[in-house]
Amino acid sequence: MSKLRVFVVGLGNMGLSHAQAYHNNPGFEIVGLVNRSKVPLPEELSGYTIHPDFKTALAELKPDLCSICTYSDSHADFAVMAFEAGADVFVEKPLATTVADAQRVVAAAKKHGRKLVIGYILRHHPSWIRLIAEARKLGGPYVFRMNLNQQSSGPTWETHKSLMKTTSPIVDCGVHYVDVMCQITDAKPVEVRGMGLRLSDEIAPDMYNYGHLQVIFEDGSAGWYEAGWGPMISETAFFVKDVISPKGCVSIVMDEGAKSDDIDTHTKTARIRIHRAAIGADGKFARPDEMLSMQGEPGHQELCNREQAFLLKAIRDDFDLDRHMADAVRSLAVCLAADESVRSGKPVRL
């Protein structure tokens, strides 16, 4: 089959990782990179031209695929422009900064008969796939306890401050973990609550760098997600992933010494602990906890490689992505409702 001609828009951490995934996959041909300014490139990408303007590059290069890895506020407009130009689209999460814009992107993909894949990288991680499967075996209703706090400084804090010009931490990161919740329970989210706190004078007065959301599902399941960014954030319990049901719980156990600003720790699981609640005649637990070793699991770059391999197959084999797109809109709606609740001080019904 002929290679898919792709250009990558946005050359931050994720953009560069996806560019390397395309570069190393024989199914793709990079026809250009797009970034508003020149940035240093890894040696393997040094031969590609960086174009400064998305619209101009789209018209000149006529790619088969646009990989959109810019800040969230440009995702919707860039994606729609790409569809109108006849290209398929990969877009990093979150899909957009409003539900209306997310729905506009999905509508454009359907109107033009193009593929849209959203960057939910955990969907391609074997350990997270196993976590979801084991939790579903237990059966609901569920309690979801999840967070990803990041103690950041230097360039990472600068990136976080740039992200917070348009998107709060509970939206930017929360969509991943609300998506995991929704994959475990098939029930619809019905109510969302949120709270947040501005812990730094270096961000806008109307933005907060610590947030907490709570979501209630139609079957009674309940979940919370916590996210904080900045040099003041604690490293203690920065990574909690715990799913509880009447029959027990499934949890991720991290290694001691893991650091919250290491991007690989955002996906690695180390071990999965399965606890079953059944008690024997002696009043003790009927079975000991089971520890599943996740040694050898893929790192961040390998996950990006898998994600783009899925994209290639979705395009070539004409996957039905309706559920994929609907899930992306739903998880975004929950996180944006939490953001609304933070600002209004009131719960939001979905």
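Residues numbered from 1 in each chain as written. Predicted model: local features only at pLDDT ≥ 70, side-chain atom pairs only at ≥ 80, totals over all residues. Heavy atoms only, no water.

## A closer look at helix α1 (residues 13-23)
Extensive coverage of α1 is indicated by the burial of eight of its eleven residues. Turning to α1, its buried residues number three or more, namely Gly-15, Leu-16, Ser-17, His-18, Ala-19, Gln-20, Ala-21 and Tyr-22. (Buried < 20%, exposed > 50% of the residue type's maximum accessible area, 1.4 Å probe, protein only. Helix = DSSP H or I, 4+ residues; strand = E, 2+ residues; numbered from the N terminus.)

## Brief notes about the side chain of Lys-115
Mapped onto the fold, Lys-115 is located in the loop between α4 (99-112) and β6 (116-119). A polar contact of 2.7 Å, which involves the side chain of Lys-115, links it to the side chain of Asp-318. Beyond its immediate chain neighbours, meaning those up to four positions away, Lys-115 contacts Phe-83, Asp-88, Val-89, Ala-314, Ile-315, Asp-318, Phe-319 and Leu-321. (Polar contact = N/O pair within 3.5 Å; in protein donor to acceptor, adjacent residues only side chain to side chain. Contact = heavy atoms within 4.5 Å.)

## Regarding the nonpolar core
Formed by 86 residues in total, the largest nonpolar core has its most connected members in Phe-7, Leu-95, Leu-116 and Tyr-225. The leading source of residues in this core is helix α10 (residues 322-344), at ten residues. Excluding residues that lie within four positions of it along the chain, Leu-95 makes contacts with His-75, Ala-76, Ala-102, Val-105, Val-106, Leu-116, Ile-118 and Val-329. Formed by 21 residues, the second largest nonpolar core is a distinct cluster that contains Val-6, Leu-45, Cys-69 and Ile-315. (Core = buried A, V, L, I, M, F, W, Y, C linked by side-chain atoms within 4.5 Å.)

## Observations concerning the packing of aromatic side chains
Tallied over the full model, the rule gives nine aromatic pairs. Judged by centre distance (4.1 Å) and plane angle (15°), the rings of Phe-54 and Phe-78 are stacked. Here Phe-54 is found in helix α2 (residues 54-61), whereas its partner Phe-78 is found in helix α3 (residues 75-84), with 24 residues between them in sequence. We classify Phe-54 as buried; its relative accessible area is 4%. For the ring pair Phe-310 and Phe-319, a centre distance of 5.8 Å and an interplane angle of 55° mean the geometry is tilted. Judged by its relative accessible area of 25%, Phe-319 falls in the partly exposed class. Among the aromatic residues, those joined into a ring-pair cluster are Phe-7, Phe-54 and Phe-78. In this structure, Lys-241 packs its charged tip against the face of Tyr-177, placed 4.6 Å from the ring centre. (Phe/Tyr/Trp six-rings, centres within 6.5 Å; stacked < 30°, edge-to-face > 60°. Lys NZ or Arg CZ within 6 Å of the ring centre and 35° of its normal.)

## Some remarks on the sheet that holds strand β3 (residues 50-51)
Here six strands make up an open sheet; going across it, the order is β3-β2-β1-β4-β5-β6 and the pairing parallel. Edge positions in the sheet fall to β3 and β6, since each of these pairs with one other strand and no more. Inspection of the sheet shows strand β4 (residues 65-68) paired to strand β5 (residues 88-92) by four bridges, in the parallel sense. Among the inter-strand pairings, Ile-68 is bridged to a residue of β5, identified as Val-91. Contacting β1 (4-9), β2 (28-34), β3 and β4, α2 runs over the sheet at an angle of about 170° to β1. (Pairing = 2+ DSSP bridges. Axes fitted to C-alpha atoms, helices over the stretch in contact; angles between N-to-C directions.)

## A short note on unusual backbone geometry
The omega torsion of the bond from Lys-93 to Pro-94 falls at -10°, within 30 degrees of zero and hence cis. Looking at the element boundaries, Pro-94 is found in the loop between β5 and α4. Of note, the bond from Gly-140 into Pro-141 is cis; its omega dihedral lies within 30 degrees of zero at 0°. Counting through the fold element by element, Pro-141 comes out in the loop between α5 (126-138) and β7 (143-147). Positive phi is not limited to glycine here, since Ala-237 has a value of about 55°. Here Ala-237 lies in the loop between β11 (222-230) and β12 (241-245).

## Comments concerning the packing of α3 against α4
Two elements in contact, α3 and α4, have axes whose closest approach is 9 Å; the angle formed by their N-to-C orientations is 10°. Judged by the angle between their axes, α3 and α4 are roughly parallel. Facing α3, whose interface residues are Ala-76, Asp-77, Ala-79, Val-80, Phe-83 and Glu-84, α4 presents Asp-101, Arg-104, Val-105, Ala-108, Ala-109 and His-112. Partitioning the contact of α3 with α4 into residue classes produces seven nonpolar, one polar and four charged. (Parallel < 35°, antiparallel > 145°, perpendicular 65-115°, else oblique. Nonpolar A, V, L, I, M, F, W, Y, C, P; charged D, E, K, R; others polar.)

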